[in-house]
Number of protein chains: 2
Amino acid sequence: MQLSRRTERLSASPIRELLKSINRPGIISFAGGLPASDSFPDLDISGVSKEVLQYGASEGESELRVRIADDLKMRGLQVKPEQVLVLSGSQQGIDLVAKLMIDQGTSVAVEAPSYLAALQVFSLFGAQYITYNAQDLSALHTSHPVQMLYTIPTFQNPTGHCYSEAERLALAERADALNCVLFEDDPYRDLAYDTCDRTPVCAYVERTSWIYQSSFSKTFAPGLRLGYLVCSEDLYEKLVWLKQAADLHSNRLSQTLVLTMLNADSQRLEQVVDSYRIKRDQFQQQLRQNMSSHATWEEPTGGLFFWLQLKRDLQINMDNLLQQALARNVAFMPGAPFFTTPVARSFMRLNFSHASNSQMQEGISILAELIDAAD
Amino acid sequence: MQLSRRTERLSASPIRELLKSINRPGIISFAGGLPASDSFPDLDISGVSKEVLQYGASEGESELRVRIADDLKMRGLQVKPEQVLVLSGSQQGIDLVAKLMIDQGTSVAVEAPSYLAALQVFSLFGAQYITYNAQDLSALHTSHPVQMLYTIPTFQNPTGHCYSEAERLALAERADALNCVLFEDDPYRDLAYDTCDRTPVCAYVERTSWIYQSSFSKTFAPGLRLGYLVCSEDLYEKLVWLKQAADLHSNRLSQTLVLTMLNADSQRLEQVVDSYRIKRDQFQQQLRQNMSSHATWEEPTGGLFFWLQLKRDLQINMDNLLQQALARNVAFMPGAPFFTTPVARSFMRLNFSHASNSQMQEGISILAELIDAAD
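Just so it is clear, the structure is predicted and the values come from calculations on it, not from any experiment.

### With respect to the sheet that holds strand β7 (residues 210–215) of chain A
Residues and elements named next belong to chain A.
Here is step 1: In space, the 7 strands of this open sheet follow the order β2-β8-β7-β6-β5-β3-β4, with mixed pairing throughout. This sheet does not close on itself; its edge strands, each paired only once, are β2 (84–87) and β4 (128–132). The sheet shows a mean angle of 20° between the axes of neighbouring strands, taken without regard to direction.
Here is step 2: Summarising the sheet, strand β5 (residues 148–151) and strand β6 (residues 181–185) pair through 4 bridges and their orientation is parallel. Opposite M148, over in β6, you have V181 as the bridge partner.

### Considering helix α7 (residues 252–264) of chain A
Here is step 1: Taking 1.5 Å of rise per residue, the 13 residues of α7 of chain A would be expected to cover 18 Å, and the 18 Å separating its terminal C-alpha atoms lies within 8% of that figure.
Here is step 2: Of all the positions in α7 of chain A, only R252, L253, S254, Q255, T256, L257, V258, L259 and M261 of chain A are classed as buried.
Here is step 3: Of the surrounding secondary structure, the elements contacted by the buried residues of α7 of chain A are α2 (62–74) and β2 of chain A together with α7 (252–264) of chain B.

### What to know about the state of the cysteines
Here is step 1: One pass over the full model with this rule turns up 2 disulfides over all chains.
Here is step 2: There is a disulfide in this structure between C162 of chain A and C196 of chain A, and the S-S distance comes to 1.8 Å. The chirality of the disulfide connecting C162 of chain A with C196 of chain A is left-handed, given an S-S dihedral of about -95°. Of this pair, C162 of chain A sits in the loop between β5 and α5 (165–178) while C196 of chain A sits in the loop between β6 and β7, and the two are 34 residues apart along the sequence.
Here is step 3: By relative accessible area, which is 12% here, C162 of chain A ends up buried.
Here is step 4: Looking at C231 of chain B, it has no disulfide partner, and the nearest cysteine sulfur is the one in C202 of chain B, 9.7 Å off.

### Here we look at the interface of chain B and chain A
Accessible area lost on assembly of the parts is the figure often given for the size of an interface.
Here is step 1: Listed as interface residues are 77 residues of chain B and, on the opposing side, 77 residues of chain A.
Here is step 2: Note on chain B versus chain A: buried area summed over both sides is about 6,600 Å², and carbon and sulfur give 57% of it.
Here is step 3: Summed over the shared surface of chain B and chain A, the number is 8 salt bridges.
Here is step 4: Of the charged contacts in the structure, one is a salt bridge between D103 of chain A and R5 of chain B, with a shortest N-O distance of 3.7 Å.
Here is step 5: Where chain B packs against chain A, one counts 36 residue pairs in polar contact (both at pLDDT 80 or more).

### So, the domain arrangement of chain A
Residue and element names in this part refer to chain A.
Here is step 1: When its domains are assigned, chain A resolves into domain 1 (5–40 + 268–374) and domain 2 (50–264).
Here is step 2: Centre-to-centre separation of domain 1 and domain 2, based on C-alpha positions: 25 Å.
Here is step 3: Of the residues lining the interface, 33 residues belong to domain 1; the matching set on domain 2 comes to 35 residues.
Here is step 4: Counting across the interface, domain 1 meets domain 2 through 1 salt bridge.
Here is step 5: Along the contact surface separating domain 1 from domain 2 lie 13 residue pairs in polar contact (both at pLDDT 80 or more).
Here is step 6: Mapped onto the side of domain 1 that touches domain 2, the elements with two or more residues apiece are α1 (14–21), α8 (266–291) and β10 (305–310).
Here is step 7: Per-element accounting of the side of domain 1 that touches domain 2 gives the leading share, 7 residues, to α8.
Here is step 8: Residues belonging to the side of domain 1 that touches domain 2 are distributed by class as follows: 19 nonpolar, 7 polar and 7 charged.

Conventions adopted
- Residues numbered from 1 in each chain as written.
- Chains lettered and ligands numbered in written order.
- Predicted model: local features only at pLDDT ≥ 70, side-chain atom pairs only at ≥ 80, totals over all residues.
- Heavy atoms only, no water.
- Pairing = 2+ DSSP bridges.
- Helix = DSSP H or I, 4+ residues; strand = E, 2+ residues; numbered from the N terminus.
- Axes fitted to C-alpha atoms, helices over the stretch in contact; angles between N-to-C directions.
- Expected span 1.5 Å × (residues − 1).
- Buried < 20%, exposed > 50% of the residue type's maximum accessible area, 1.4 Å probe, protein only.
- Contact = heavy atoms within 4.5 Å.
- Disulfide = S-S within 2.5 Å.
- Buried area = accessible area lost by both parts, 1.4 Å probe.
- Salt bridge = Lys/Arg side-chain N within 4 Å of Asp/Glu carboxyl O.
- Polar contact = N/O pair within 3.5 Å; in protein donor to acceptor, adjacent residues only side chain to side chain.
- Domains from an automatic or database assignment.
- Nonpolar A, V, L, I, M, F, W, Y, C, P; charged D, E, K, R; others polar.

Set out below in structure tokens:
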């Protein structure tokens, strides 16, 4: 029996494997990107037509596509509803775009670090990487051809960085110069705790093809698995065909529920953001008290994560540290899987949206204690 | 800008394109595999926990996996819940299995004809085909290596054929001899109108690896996009990883609703089957009255389709016939897309589950009239 060659590049997602171990009772988890359960809306399907149980359009429900296009226009991205493709969560967008763009050896530019589940999918299809970050686009010059440029400009995963307007303009200009497809992943944009330019980079593109995607997982409910992409018109039809081939169409009940929530409750999102801002500040305070001598970090102006860089003189095996932390009932994400090549420094990604204040205190102090002991 | 090489093999699904045109009012559609809308269950989420809105396990909800494994045991396929992977519809299973198995040039054995959306996905990943059918396995001999054998043994799409026990045993034996992965697609098995062996072919496999999948679209609600696969233990972990990479996990609200429906209403499926049996008989009667001089067919003992082979002396351009039929507000599926190579004879696939009795009468008589005129 012979499996496909791509299966040699297949590996478990460290996040998903970690998520398994954190299902045990009593664990304090800073590992996933789980929204707080109390942020979830109430479910009400009393007004939902039974028609949603029938097969639907691959592109998505018309009304939802109109609503998404309207929303993007207000954010500065001029799109028609006909450019909207509803997804079964934005992870699916990564799969579809990888199918559209990546063969064995295709050159893909990614931030270092970047979202690990995107890196996994790109690698599965055979991507070769060029790395860059917001402050340093020097690797992106036209002498090195790039077929696709992947970016998370708003509250980047894992760093939390929000690109400035100048950084957004520079990245769009570089994509135009490279004549590559700009793939912008924007799941966290609504979770903004401080002022920050959040105009889609795709809005600044002048010539090249682009794909922009976002998700309803962070602001509504990940369990409903709903996201969407919009793209330049030249790519749309092929992406719809790939969507058909992947799962025919997205869940129609989810689409109806999300549309209802979008239309109904304008205050809910504000409340969610307010409660996450408090959590971020509490987390920051605990980090300052416990981690200042061990690590540095940028305070995230949005999103769900703190990204800690351990100090240069700390030589810590992060896999060991994770095992020790799990033994003390604390979970976090080591930084290595977010990079395409090994890095000399040690990083940790800590989620602040899921734990309670007392769990933060306990969990961060345990991590500090373990780092002390490991040093 | 350069897209992936596989996009050259990308094309719209003829079914999905047809489905668009059949959304216009007044159309009589024999084209899709749409369940009758009045077969849909009532939606009730009053007992559903808000916890389903959180991220979930890639494998699926535990209780649903137990229920699926129990069900398969009763059908003769001995599996553990740990071998069950819940899917976002069984189209997703085709995508995951193609990723697992198919590179450019991989040899895949398919029935001729076979499910066109499976052929599309296999082709997208670069499959080379060997064709066979239930009565003739001669192309499947060990001198031609086959990496995967795809079969729809129960109420085959499009032919409606239900493999006999002897045919099932022969196919399983051949898969063992070829040491290839047997991929059994079984979405129609619950729609049985007459007695027919429906034991999964995978249950007869002795040595080789296998994947069996089914769907809740035909018996519950396609709009919820839910299906599942089970497989030999050697393949399971890789398929879970591919599922993670594709969309993290399946919709948890759908999983909860389907589990509730499976546990609650044992009579509903029987009623659906009874009503479809009546529809099949009505359709058969109309075909006999209008089509006997134009075509031959096997009465389907289950599933959703009649597969008509036009008589040898009828030289009809089926694409023209389809356009003429659509102009008269009747939709059907021409047979060509179900084959991997051009065939000399003309075929039509006619769905009988969606149209009302009077629509059947009108639609079939229009088709007969157009065939008369085209001859």
